[in-house]
Amino acid sequence: SQQGEEDPQALSIQEGENATMNCSYKTSINNLQWYRQNSGRGLVHLILIRSNEREKHSGRLRVTLDTSKKSSSLLITASRAADTASYFCATDALDNFNKFYFGSGTKLNVKP
Amino acid sequence: EAGVTQSPTHLIKTRGQQATLRCSPISGHTSVYWYQQALGLGLQFLLWYDEGEERNRGNFPPRFSGRQFPNYSSELNVNALELEDSALYLCASSFPAGRHTGELFFGEGSRLTVL
């Protein structure tokens, strides 16, 4: 399976600290995306990074992609209690167009 | 602009019954995707429809089926329900393949409980 896997499975931090989540995948990809899910609800797109990009920023989010290691990281700086959610990476395979694979997610808890 | 809408929000069925879930994509989107998310787990790819055709399918038995209508809305049917089919079913939509930005827009999901 080329499904992405997030690490750690759960992360608990204090408000104001940075949160780092990692994602690993198995096959070559077109792009990698990060999504956020509040408890039991739909997913919200956060950021997309293409296979020829190495780093991307959006507000307090920073995403890196290392295609040689088939891994990505999502950094949330100066976290807030409202950032408490599950975070998923999704990959779009080169050889299986539009079949987006999601990992099992990192559950982030930001304590006020 | 309306987002992706799914109905029903909650559905309770018994083993052996059939369930039908519905999804309306964002206006202008022709691709619809279905995912299953069992409690506390990640998303499992079920189906992808585009322009009325099934384009790709995940590793699910044939009792999971669906269709896409001319207005691009979609239906997911689950026949002969089993207890392990209990999950949140998420629908997502995107622009057509040629204009696809990669981003999926998700609905709030339909929670199916099988008793």
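Because the structure is a prediction, the values reported are computed rather than measured. (Residues numbered from 1 in each chain as written. Chains lettered and ligands numbered in written order. Predicted model: local features only at pLDDT ≥ 70, side-chain atom pairs only at ≥ 80, totals over all residues. Heavy atoms only, no water.)

Chemist: Any chance you could explain the pattern of salt bridges here in plain terms?
Modeler: Side chains carrying opposite charge are able to pair once their charged atoms draw close together. Residues and elements named next belong to chain B. Scanning the entire structure with this criterion turns up nine salt bridges over all chains. Of the charged contacts, one joins Arg-63 and Glu-82 as a salt bridge, the two residues approaching to 3.4 Å between their closest N and O atoms. Note that Arg-63 is positioned in the loop between strand S6 (53-57) and strand S7 (64-68) and Glu-82 in the loop between strand S8 (74-78) and strand S9 (87-94), a separation of 19 residues in sequence. We classify Glu-82 as partly exposed; its relative accessible area is 32%. (Salt bridge = Lys/Arg side-chain N within 4 Å of Asp/Glu carboxyl O. Helix = DSSP H or I, 4+ residues; strand = E, 2+ residues; numbered from the N terminus. Buried < 20%, exposed > 50% of the residue type's maximum accessible area, 1.4 Å probe, protein only.)

Chemist: Would you take a moment to explain the state of the cysteines for this structure?
Modeler: Cysteine pairs can be covalently joined through their sulfur atoms, and such a bond is termed a disulfide. Within the structure shown, the criterion is met by two disulfides over all chains. In this model, Cys23(A) is linked to Cys89(A) through a disulfide, with the two sulfur atoms separated by 2.0 Å. Every disulfide takes its handedness from the sign of the S-S torsion; for Cys23(A) and Cys89(A) that torsion is 65 degrees, giving right-handed. Here Cys23(A), found in strand S3 (residues 19-24), pairs with Cys89(A), found in strand S9 (residues 85-93); they are 66 residues apart in sequence, far enough to count as distant. For the pair formed by Cys23(A) and Cys89(A), the shared burial category is buried. A sulfur-sulfur distance of 1.8 Å marks the disulfide that ties Cys23(B) to Cys91(B). Around the S-S axis, the bridge from Cys23(B) to Cys91(B) shows a dihedral of about -60 degrees and counts as left-handed. (Disulfide = S-S within 2.5 Å.)

Chemist: Would you mind going over the interface of chain B and chain A with me for this structure?
Modeler: Interface size is commonly expressed as the accessible surface area that is lost when the partners come together. The interface is formed by 25 residues belonging to chain B together with 21 residues belonging to chain A. Taken over both partners, the interface formed by chain B and chain A buries close to 1,700 Å², and the fraction arising from carbon and sulfur atoms is 52%. Counting across the chain B and chain A interface gives one salt bridge. Here the residues of the side of chain B that touches chain A are counted per class, giving eleven nonpolar, ten polar and four charged. (Contact = heavy atoms within 4.5 Å. Buried area = accessible area lost by both parts, 1.4 Å probe. Nonpolar A, V, L, I, M, F, W, Y, C, P; charged D, E, K, R; others polar.)

Chemist: Explanation requested: the nonpolar core in the structure shown.
Modeler: One broad rule of soluble globular proteins: the nonpolar side chains tend to lie buried together. Ranked by size, the top nonpolar core spans 21 residues in total, and within it Trp34(B), Leu46(B), Leu76(B), Tyr89(B) and Leu112(B) carry the most contacts. With sequence-adjacent residues up to four places away left out, Leu46(B) is seen in contact with Trp34(B), Tyr35(B), Gln36(B), Asn56(B), Arg57(B), Gly58(B), Phe60(B), Phe64(B), Leu76(B) and Tyr89(B). Ala19(A), Tyr25(A), Leu65(A) and Ile76(A) belong to the second largest nonpolar core, which has 20 residues in total. (Core = buried A, V, L, I, M, F, W, Y, C linked by side-chain atoms within 4.5 Å.)

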